[in-house]
Amino acid sequence: MKFQFAKSILNSLALGVLLGLAQTAFAEVAAPGNYRIDPAHTTVLFTVNHLGTSELTGRFNVVEGNFVIGPNQAPGVDVSIKTASVDTNHDKRDAHLRSPDFLNSKQYPVMRFVSDKVSYDKQGQPVSLHGKLSLHGETKPVSLALSSVGAGKDPWGGYRAGFNATTTLKRSDFGMNFMPGGIGNEITVTLNIEAIKE
Amino acid sequence: MSPYLTLIIQGIILPIGVSGLLLWLGPTRDGYRVAGNALAWLLAYGWITGFPAIPPKEAVDWLWLLLVASYAVCHITQHHARWLPLTLILAGTLTAVVWPVLYYQPSAAVAGELVILVIAGSFLFRRAEQAVSVAPAFTLSINAGGLAIASALGGSLLVGQLLTALAAVTGVYALAEIASRLHRTPFSTQQVLVFLPLYLALLGIARVYAELPLASAALLLASPVIGIRVRWRHSWLISLILSAGAVGLLLLNGDNTAYY
């Protein structure tokens, strides 16, 4: 019994040390270079008002892309999201969002953000992205506020960096005008991105 | 205004109001009635879609062109064979509507369904005169109503609303048919020929873009075809059974919880 208890404490300590080390490793500034988005650890969320009474959050489950970071690097961000992967935890609502009423996923299967301008702070961390979003057959300029979460080596010998990016879009700007009274025009989009350095 | 009230005004009250006024107070000449009814639907369509893109970008953007082209053909070729130009117009519209889907994902099944829709359309346009003997407005409003419910349940409230507007426009004439105990109809062959292509195009859009299941789509295509083929004053009953069957299948296979 005592042996089990001691083993449990040792395990907890070891886990704490590992987590501490990992946190230290991932607190650094992301190294300049080319990165590929890791879809398994990237989340694309959106929030929209419903009937003026509540906020509904959904996600897109299929995302891919790559980007270049570093103040002295030629900037480049290219992120594609499959519109049919919309998921609001309600099958009927998802079918409705995929339909011609909103995303029209059959005709516009991909939304794509391409940026060629990145702003950096004094520490060399990217703080905002400026580019063009193609969605629902329309291409409009969009800026995303960017915050760095961490960067460092992963347990498999690779190098990862994480960012959170947020922006607010008007769906009417992208030709999605259906049900203006029921569903809000402004949509907050958040991307929690983890990327692997190539 | 409540968004649900807006949906009802756009899809039901406006087209019924305009179409009803035309029927009871407007000119008796059929040509004006056809134009008025087309205008009633176009007003609702413009309001529902927030005005379509010109040139058309999405499937529903083609519908006003289809309606105008169908009307123009019927107006120009009043006493001649109209089924061929109408079939070509329907084929062209459906090809334009389905093209983006085939572009990203070529599919023999989708192309096959397109061909079946065009063949059915051709058959219906040839038999349009026959339809007038079987309460066409009542039959068409049943079909459009059934497809509206199926589209709304299947995924697209927008397509459902456009069909509701079609059911409302034809529904006014259906009331006149019912009032005469289905012995007479103020809904002419010309009206049938203008609105049938619209119904078929909306069926195609619901099938391709709004995830309307094949079985329901097949019943909703068979509904006007059989309804017109059968020479029986109450063949609207066949349309009612088939349309109800299409909706019933959706309800049986799907999640019945309210969403909208």
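Anything mentioned here points back to the structure above.
All residue numbers refer to position in the chain's written sequence, counted from 1. To read the labels, note that chains go from A and ligands from 1, taken in the order they are written. Thresholds applied to this predicted model are a pLDDT of at least 70 for local features of residues and 80 or more for the giving and counting of side-chain atom pairs; totals over whole chains, interfaces and linings are not thresholded and use all residues. Side-chain descriptors were evaluated using all non-hydrogen atoms of the structure, hydrogens and water having been removed beforehand.

Asker: In this structure, what is going on with helix α11 (residues 236-253) of chain B? I would like to understand it.
Answerer: Given 3.6 residues per turn, any residue in an α-helix points the same way as the ones three and four places further on. Residue and element names in this part refer to chain B. Strands are runs of DSSP state E lasting at least 2 residues, helices are runs of H or I lasting at least 4, and numbering of each runs from the N terminus. Expected span, for any helix, means 1.5 Å times one less than how many residues it has. Its 18 residues place the ends of α11 26 Å apart at the C-alpha level, agreeing with the 26 Å of an ideal helix rising 1.5 Å per residue. Among all positions of α11, only Trp 236, Ser 239, Leu 242, Ser 243, Ala 246, Val 247 and Leu 250 are buried. The arc that holds every buried residue of α11, seen down its axis, measures 135 degrees, which confines them to one face. Opposite the buried face of α11, at more than 90 degrees from it, the exposed residues are Ile 241, Leu 252 and Asn 253. In what follows, a contact means two residues having at least one pair of non-hydrogen atoms within 4.5 Å. The elements touched by buried residues of α11 are α7 (136-154) and α10 (214-229). Categorising residues by exposure relies on relative accessible area from a 1.4 Å probe, with only protein chains included: less than 20% of the type maximum marks a residue as buried, more than 50% marks it as exposed, and the intermediate range marks it as partly exposed. By arc we mean the arc of the directions from the helix axis to the C-beta atoms, nothing more.

Asker: Would you take a moment to explain the nonpolar core for this structure?
Answerer: For soluble globular proteins, the rule of thumb is that nonpolar side chains tend to be buried together. Residue and element names in this part refer to chain B. Counting 122 residues, the largest nonpolar core has Trp 41, Leu 63 and Phe 195 as its most contacted members. Element by element, the count of residues in this core is highest for helix α9 (residues 189-209), at 15 residues. Beyond its immediate chain neighbours, meaning those up to four positions away, Phe 195 contacts Asn 37, Ala 38, Trp 41, Leu 67, Leu 140, Leu 166, Val 169 and Phe 187. Buried residues of nine kinds, namely Ala, Val, Leu, Ile, Met, Phe, Trp, Tyr and Cys, make up a nonpolar core once their side-chain atoms join them within 4.5 Å.

Asker: When you look at the interface of chain B and chain A in this model, what are you seeing that I'm missing?
Answerer: Interfaces are often sized by the accessible area lost when the parts come together. The partner chain A presents 22 residues to the 26 residues of chain B that form the contact. Accessible area, probed at 1.4 Å, shrinks when two parts are joined; the buried area is that loss added up over both. When chain B packs against chain A, close to 2,200 Å² is buried across both sides, 56% of that on carbon and sulfur atoms. What makes a salt bridge here is a side-chain nitrogen of Lys or Arg within 4 Å of a carboxyl oxygen of Asp or Glu, nothing more. Linking chain B with chain A are 2 salt bridges, by the criterion used here. In this structure, Lys57(B) and Glu138(A) form a salt bridge, with 2.7 Å as the shortest nitrogen-oxygen distance. Polar contacts, as used here, are pairs of N or O atoms within 3.5 Å; protein pairs need one atom able to donate a hydrogen and one able to accept it. Residues neighboring in sequence count only if both atoms are side-chain atoms. Taken together, the connections running from chain B to chain A amount to 10 residue pairs in polar contact (both at pLDDT 80 or more).

Asker: Explanation requested: the pairing of strand β3 (residues 54-60) of chain A in the structure shown.
Answerer: Consecutive side chains of a regular strand alternate in pointing toward one face of the sheet and then the other. Residue and element names in this part refer to chain A. Between any two strands, pairing holds if DSSP finds at least two bridges. Pairing geometry for strand β2 (residues 43-50) and β3, over 7 bridges, is antiparallel. Each bridged residue has a counterpart across the sheet, and for His 50 the counterpart in β3 is Ser 54. Here β3 pairs with strand β6 (residues 86-87) via 2 bridges, running antiparallel. When the sheet's bridge partners are listed, Arg 59 is paired in β6 with Asp 87.

Asker: Could you clarify how one ought to interpret the pairing of strand β1 (residues 33-37) of chain A in this entry?
Answerer: Residues and elements named next belong to chain A. Sheet topology places β1 next to strand β4 (residues 63-69); 4 bridges connect them, and they run antiparallel. Counted as the bridge partner of Tyr 35 is Phe 67 from β4. Note: β1 against strand β11 (residues 183-197), 3 bridges, orientation antiparallel. When the bridges of β11 are listed, Ile 37 appears paired with Ala 195.

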